[in-house]
Every structure is written in structure tokens, then in C-alpha cells.
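For reference, the chains in residue letters:
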Amino acid sequence: AQKVTQAQTEISVVEKEDVTLDCVYETRDTTYYLFWYKQPPSGELVFLIRRNSFDEQNEISGRYSWNFQKSTSSFNFTITASQVVDSAVYFCALRSMRGTSYGKLTFGQGTILTVHP
Amino acid sequence: GAGVSQSPRYKVAKRGQDVALRCDPISGHVSLFWYQQALGQGPEFLTYFQNEAQLDKSGLPSDRFFAERPEGSVSTLKIQRTQQEDSAVYLCASSLTLAGGQGDTQYFGPGTRLTVL
């Protein structure tokens with residue numbers, strides 16, 4: 001069975017602070033994909049990043065960066081110099097590439113991020 | 001191009017009524033997924049299609065839930081004899097392929113918020 005844990009239910013920061021959202025996953029698969037999605041108040045899940053299990057390079061995209069560590073089964077997400085527009089619920093998700101779970105995403109519970117001006 | 005669209009955006013049903021939720025995937029996307037998101041939770045997988053074939057319906061909570069995609073494009077999720085526990089946001093997602101690689105990223109629609117009274 002696959003599982004994704006986002007231990008931080010809510011995080012509150014002041015604008016321009018850096019913030020890291022944690023994600024820990026469990027899977028028996030050797031090949032899998034990890035994702036981060038953002039869900040603003042409008043409700044639509046917005047894709048942020050996709051990472052496969054063979055690529056442990058960290059990635060930076062503007063103010064966003066991701067730290068994938070296979071040894072600790074973690075895929076953490078950092079927002080540098082946070083802005084009010086970053087306020088949303090953020091979900092980490094795991095996709096298996098085999099067996100009965102093929103294709104479907106397993107999501108964490110989400111982390112509510114509030115950035116205050 | 002256009003994203004995934006869903007209709008209606010909001011649906012209120014009396015307990016026992018049947019409802020039908022529609023999803024229009026991104027044009028050309030082969031795979032289509034349905035997820036259920038309860039309040040304050042992450043989305044949970046319901047079912048998915050590859051073209052018109054329903055390959056996995058293991059997440060459907062009961063036989064009152066039925067999904068179809070007869071022409072491999074638009075999909076409908078039907079819930080018969082709705083119950084209060086069916087109240088949730090129903091999210092549809094599509095991906096270009098299922099086979100791995102960049103094409104398997106799932107893009108989500110805005111969801112349908114179903115409230116059963």
C-alpha cells in the first residue's frame with residue numbers, strides 16, 4: 001500500500017519569510033513519481049512539479065525549490081520570500097507505476113499555508 | 001488551450017436523488033480520472049479511464065456510483081440515491097498518456113461541489 005504523509009496541517013508566516021512544506025511517502029515500488037499541487041481558494045488543483053524516483057537532483061523554479069531525498073523517502077517543498085498569493089493548500093502526491101495502483105495518485109492530507117502581509 | 005472543465009460547479013441534492021456530474025478533459029488526453037475530496041482532506045481516487053475503457057474502479061465507494069466515458073472524451077460520474085456522506089468535491093483530471101514520461105502528469109478541473117441535504 002502507498003501512503004503520503006504531510007505532518008504539517010497548517011503553517012502561518014509573514015510575507016517575505018521562507019517556508020518549507022514537508023512530505024514523507026511510503027511505497028514498495030522501485031519506480032514511482034512524486035508531485036506537488038497547489039489548491040487556491042478557487043478549488044482547482046494546480047500542478048507545480050513532477051519528479052521521478054531515479055532523479056534525485058534538487059530543482060529550483062523561481063521562488064520555489066524541491067528537495068527529494070530517497071534515503072529518507074521525503075520530497076520537501078520550499079518557498080523563498082513568501083508572498084500573500086502563495087496562500088493556499090498544498091498537496092504532495094505519489095503515483096505508482098505498477099500493479100493495481102497503476103496510474104492513480106495517492107495524496108497527502110494537505111498543508112494549509114497562510115501568508116500574512 | 002482550454003483546461004479540464006467540469007459542470008455543474010455546484011450541486012445541491014435532496015437525499016435519495018440521482019445526480020450526474022460531467023467532465024470535459026483536455027482535448028487529446030487519453031486518460032481520465034475521478035477523485036473525491038472530502039472537506040479538509042486530500043483527494044481520493046475513484047476510477048479511471050483509458051479512452052473509453054474503464055481500467056480501474058476500485059475506489060468507487062459503493063454500487064450507487066457509476067462512471068462512463070462512452071466515446072473516449074467526455075465523462076459522466078453518476079451517483080444514485082444520494083446520501084449525506086456523498087457530500088464532497090468531485091474532481092476530474094486528465095493526462096495525455098499513462099505510460100510515464102512528462103505526458104502522464106494529471107491536470108485537474110475546478111471540481112463539482114456536491115451537497116446532499
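Every value quoted in this text rests on a predicted model; they were computed, and no experiment measured them.

### Observations concerning the interface of chain B and chain A
Opposite the 25 residues of chain B that make contact, chain A presents 21 residues. Considering only the side of chain B, the residues that lose the most area to chain A are P43, D104 and F108 of chain B, jointly responsible for 25% of the buried surface there. Counting across the chain B and chain A interface gives two salt bridges. Counting across the interface, chain B meets chain A through eight residue pairs in polar contact (both at pLDDT 80 or more).

### What about the packing of aromatic side chains?
Per the counting criterion, the structure on display carries 23 aromatic pairs over all chains. With a centroid separation of 6.0 Å and 65 degrees between ring planes, the pair formed by Y37 of chain A and F47 of chain A is classed as edge-to-face. Here Y37 of chain A, found in strand 5 (residues 32–39), pairs with F47 of chain A, found in strand 6 (residues 46–52); they are 10 residues apart in sequence, far enough to count as distant. The class of Y37 of chain A is buried, set by a relative accessible area of 0%. According to the relative accessible area criterion, F47 of chain A is partly exposed, its value standing at 25%. An aromatic cluster of at least three residues, connected via ring pairs, comprises F35, Y37, F47, F91 and F107 of chain A together with F33, Y35, F45, Y48, Y107 and F108 of chain B.

### With respect to the confidence of the model for chain A
When pLDDT is averaged across chain A, the result is 92; 97% of the residues are at 70 or more. Averaged pLDDT values over the elements of chain A bottom out at 85 in strand 7 (residues 59–61) of chain A and peak at 98 in strand 12 (residues 111–116) of chain A.

### Details of the nonpolar core
By size, the foremost hydrophobic cluster in this structure holds 23 residues, and its most contacted members are W36, F77, Y90 and L113 of chain A. Of all the secondary-structure elements, those providing two or more residues to this core are strand 2 (10–14), strand 3 (19–21), strand 5, strand 8 (64–69), strand 9 (74–79), strand 10 (88–96) and strand 12 of chain A. Top element by residues in this core is strand 10 of chain A. It accounts for four residues. If you look at the next biggest cluster of nonpolar residues, it comprises 20 residues, including V19, L21, C23 and A88 of chain B.

### Overview of the pairing of strand 3 (residues 19–24) of chain B
Residues and elements named next belong to chain B. Of the two faces of strand 3, the one lined by V19, L21 and C23 is fully buried and the one lined by A20, R22 and D24 carries no buried residue. Strand direction decides the pairing type here: strand 1 (residues 5–7) and strand 3, joined by three bridges, are antiparallel. Bridged to S7 within strand 3 is R22.

Procedures and definitions
- In this convention, every chain numbers its residues from 1, walking through the sequence in written order.
- Chains carry letters and ligands carry numbers; both start at the beginning, A for chains and 1 for ligands, and go up in the order they are written.
- Under the rules for a predicted model, residues below a pLDDT of 70 receive no local features and side-chain atom pairs below 80 are neither given nor counted, while totals for whole chains, interfaces and linings still include all residues.
- Side-chain metrics rest on all non-hydrogen atoms present in the structure, leaving aside hydrogens and water.
- Note on definitions: a residue-residue contact is assigned when non-hydrogen atoms from the two residues lie within 4.5 Å.
- Using a 1.4 Å probe, buried area is obtained as the accessible area two parts lose upon being combined, added over both of them.
- The salt bridge definition used is simple: a Lys or Arg side-chain nitrogen within 4 Å of an Asp or Glu carboxyl oxygen.
- Contacts described as polar in this section are N or O atom pairs within 3.5 Å, which, within protein, must combine one atom able to donate a hydrogen with one able to accept it, while residues neighboring in sequence count only if both atoms come from side chains.
- The criterion for an aromatic pair is that two Phe, Tyr or Trp rings (for Trp, the six-membered ring) have centres within 6.5 Å, with stacked assigned to planes under 30 degrees apart, edge-to-face to planes over 60 apart and tilted to the rest.
- Here a helix means four or more residues in a row that DSSP labels H or I, a strand means two or more in a row labelled E, and each is numbered from the N terminus.
- Burial classification: accessible surface area is computed with a 1.4 Å probe over protein chains only, and a residue below 20% of its type maximum counts as buried, one above 50% as exposed, and the rest as partly exposed.
- Summary of the metric used: pLDDT quantifies the predictor's per-residue confidence within the range 0 to 100.
- The definition of a nonpolar core used throughout is a set of buried Ala, Val, Leu, Ile, Met, Phe, Trp, Tyr and Cys residues joined through side-chain atoms within 4.5 Å.
- By the convention used here, strands pair only if DSSP detects at least 2 bridges between them.

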